[in-house]
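# Structural description and commentary
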Amino acid sequence: MASTNSLFTNLACVECGRIHAKEETHTICENPDCKSILSAQYDFGANRLTKEELRSRPASLWRYREFLPVLDTDNIISLGEGFTPILPLLNLQETAGKRVLLKDESNNPTGSFKARGLSLAVSKAKELGIKEFVIPTAGNAGGALSAYAARAGLKAHVFMPRLTPQTFKDETRLFGAEVIEIDGNISDCGKAAGALAVAEGWFDVSTLKEPYRLEGKKTMGYEIAEQLEWQVPDVLLYPTGGGTGIVGIWKAFGELEKLGWTGSKRPRMVAVQSASCDGICSAFHNNEERSTFKDSGFTIANGLRVPKPYADKVILQILRESNGNAVSVADNDILTSLYEISSREGLLPAPEGAALWHAFKELSRQGWIREGETVLLLNTGCGYKYLDNIR
Ligand SMILES: *Cc1c(COP(=O)(O)O)cnc(C)c1O
Ligand SMILES: [Zn+2]
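Basis of the calculations
Residues numbered from 1 in each chain as written. Chains lettered and ligands numbered in written order. Predicted model: local features only at pLDDT ≥ 70, side-chain atom pairs only at ≥ 80, totals over all residues. Heavy atoms only, no water. Pairing = 2+ DSSP bridges. Helix = DSSP H or I, 4+ residues; strand = E, 2+ residues; numbered from the N terminus. Axes fitted to C-alpha atoms, helices over the stretch in contact; angles between N-to-C directions. Parallel < 35°, antiparallel > 145°, perpendicular 65-115°, else oblique. Left-handed = near helix turned anticlockwise from the far one by under 90°. Contact = heavy atoms within 4.5 Å. Donors = N, O, S within 2.8 Å, 3.2 Å for Na, K, Ca; no water. Tetrahedral: all angles 85-135°; square planar, octahedral: opposite > 155°, others 65-115°. Buried < 20%, exposed > 50% of the residue type's maximum accessible area, 1.4 Å probe, protein only. Phe/Tyr/Trp six-rings, centres within 6.5 Å; stacked < 30°, edge-to-face > 60°. Near = heavy atom within 4 Å. Areas by Shrake-Rupley, 256 points an atom, 1.4 Å probe, with all protein chains shown as cover. Nonpolar A, V, L, I, M, F, W, Y, C, P; charged D, E, K, R; others polar. Expected span 1.5 Å × (residues − 1).

## Section: the sheet that holds strand E12 (residues 325-329)
Read from one edge of the open sheet, 6 strands run E4-E5-E13-E10-E11-E12, paired in mixed fashion. Each edge of the open sheet carries a strand with a single partner, namely strand E4 (86-88) and E12. Strand-to-strand twist of the sheet, defined as the mean angle between neighbouring strand axes without regard to direction, takes the value 25°. Here strand E10 (residues 235-239) pairs with strand E11 (residues 268-274) via 5 bridges, running parallel.

Below, the structure is given as structure tokens:
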């Protein structure tokens, strides 16, 4: 056993603050009147790692292991996730008058940023003695869970909407997991998965109902700051499904300030949704604290078909606190944007990521994104997996 030198102390509820011990397995807040999401806490004051030491570490998210919850290096299940490149959109930004950067998460194992969360979740589950997983997914999370479970020698059961591109089902089966297809959306998958989790004693790795996927996702925020020489962009656009990405990146910026590695500047955070499921956009523009269930059916951006994110309240708080915004994008605009990026930049983003380019143009047209600002788009996945949708 070798220590990761993790500074992890415990899990705290983001809503009521109740502390949950780090030695036990937890899901959501155990206060029955609360049930909000749990967030890993660290003793940042005890940090010894310097920015200079960090520079020589391997190009993987585990370079930040002091600020991750896994305690023993033997439990780290890694396939080389993280430290993805930030590429300027050289040709498209010319007409925009702004610096437009794209962080390309398609370079992750299994072709999406879900690898980050599931590398963390599976590693921590191994540390806690968990043997069998269940997950509801729009596609990418199921593939990622199955890959990391295979690597760890553990079993995974994956609930996926029947209308998911075939590649996602194929990869999940190839990684040795059981795929259960459901006629419905991810909420329907979540209900089915939750019931089996209880009946079979499997561990449910649903978005934000499992506390450690968030820790994997937050490493995107650490990387953005490190790769931009400890600066943050003016505006950050994120395709929002369950919201782990937005919540995680925001958490990272707070932690980096506590470490004294960045200042107090934060990007204006923008949630981008598919018009099929844009409950966060409606709630944001109507000044509501929570979103309401919204599902208008299939969207080519499968990962954005989340009718009501569990963390809706937290997502909305972040958008407001950062003076951010929320933009809904229709499928035909996603397709047009995808083709602009692929034909002009040589990158094939996931439809979820492509939606950001449309949102960027829209916010620029409105003058909300201003001349001279630096804007970062997070392309969360790889378009190759979605060819059934975008052909
Ligand atoms: C899951 C997924 C999303 C949504 O991510 P959240 O962090 O849950 O909001 C966006 N894009 C892709 C490609 C995804 O797989
Ligand atoms: Zn609570």
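## Considerations on the packing of helix H4 (residues 140-152) against helix H5 (residues 166-174)
As a packed pair, H4 and H5 sit with axes 8 Å apart at the nearest point and diverge in direction by 15°. Compared by their axis directions, H4 and H5 come out roughly parallel. In this structure, H4 meets H5 at a crossing whose hand is left-handed. For the pair H4 and H5, contact is made by Asn140, Gly142, Gly143 and Ser146 and by Phe168, Glu171 and Thr172, respectively.

## With respect to the coordination of the zinc ion (ligand 2)
Protein ligation of the zinc ion (ligand 2) involves Cys13 (SG), Cys16 (SG), Cys29 (SG) and Cys34 (SG), the donor distances falling in the range 2.2 to 2.4 Å. In this structure, the zinc ion (ligand 2) is coordinated by 4 donor atoms arranged in tetrahedral fashion, with angles at the metal of 101 to 116°. Coordination of the zinc ion (ligand 2) draws on donor residues from a single chain, spaced C-x2-C-x12-C-x4-C in sequence. Of this pair, Cys13 sits in strand E1 (residues 8-13) while Cys29 sits in the loop between strand E2 (19-21) and strand E3 (38-42); the two residues are 16 residues apart in sequence, bridging distant segments of the chain. A relative accessible area of 5% means that Cys13 is categorised as buried. Relative accessible area serves as the criterion here: at 3%, Cys29 is assigned to the buried category.

## Looking at the packing of aromatic side chains
Using the criterion set out here, one finds 11 aromatic pairs in the structure. The interplanar angle of 20° and the centroid separation of 5.8 Å between the aromatic rings of Phe67 and Tyr222 together place this pair among those described as stacked. Here Tyr222 lies in helix H7 (residues 213-227) and Phe67 lies in the loop between helix H1 (51-55) and E4, a separation of 155 residues in the sequence. The exposure classification of Phe67 matches that of Tyr222, with both residues buried.

## Some remarks on the site of ligand 1
By nearness alone, 17 residues border ligand 1, and Lys114, Gly241, Gly243, Gly245 and Thr380 come closest of all. Contact with the protein chains covers 96% of the free accessible surface of ligand 1, which is 380 Å². Looking at the shell around ligand 1, the elements that each hand over two or more residues are E10 and helix H8 (244-259). Within the shell around ligand 1, the residues separate by chemical class into 4 nonpolar, 10 polar and 3 charged.

## Things to note about helix H3 (residues 114-127)
Given a rise of 1.5 Å per residue, 14 residues ought to cover 20 Å, and the 20 Å separating the end C-alpha atoms of H3 matches this to within 8%. Of all 14 residues in H3, 12 are buried; the element is thus mostly enclosed. Inspection of H3 places Lys114, Ala115, Arg116, Gly117, Leu118, Ser119, Leu120, Ala121, Val122, Ser123, Lys124 and Ala125 among the buried residues, and these make up the whole buried set. Elements that come into contact with the buried residues of H3 comprise E1, strand E5 (99-104), strand E6 (132-136), H4 and H7. In the segment just after H3, Gly129 is the residue with positive phi, at about 85°.

## A word on the sheet that holds E1
Pairing within the open sheet is antiparallel, and its 3 strands lie in the order E2-E1-E3. On the outer flanks of this sheet lie E2 and E3, each paired with one strand and no other. Recorded for the sheet is a direction-independent mean angle of 40° between the axes of neighbouring strands. In terms of strand pairing, E1 meets E3 through 5 bridges, oriented antiparallel. Paired with Asn10 across the two strands is Gln41, which belongs to E3.

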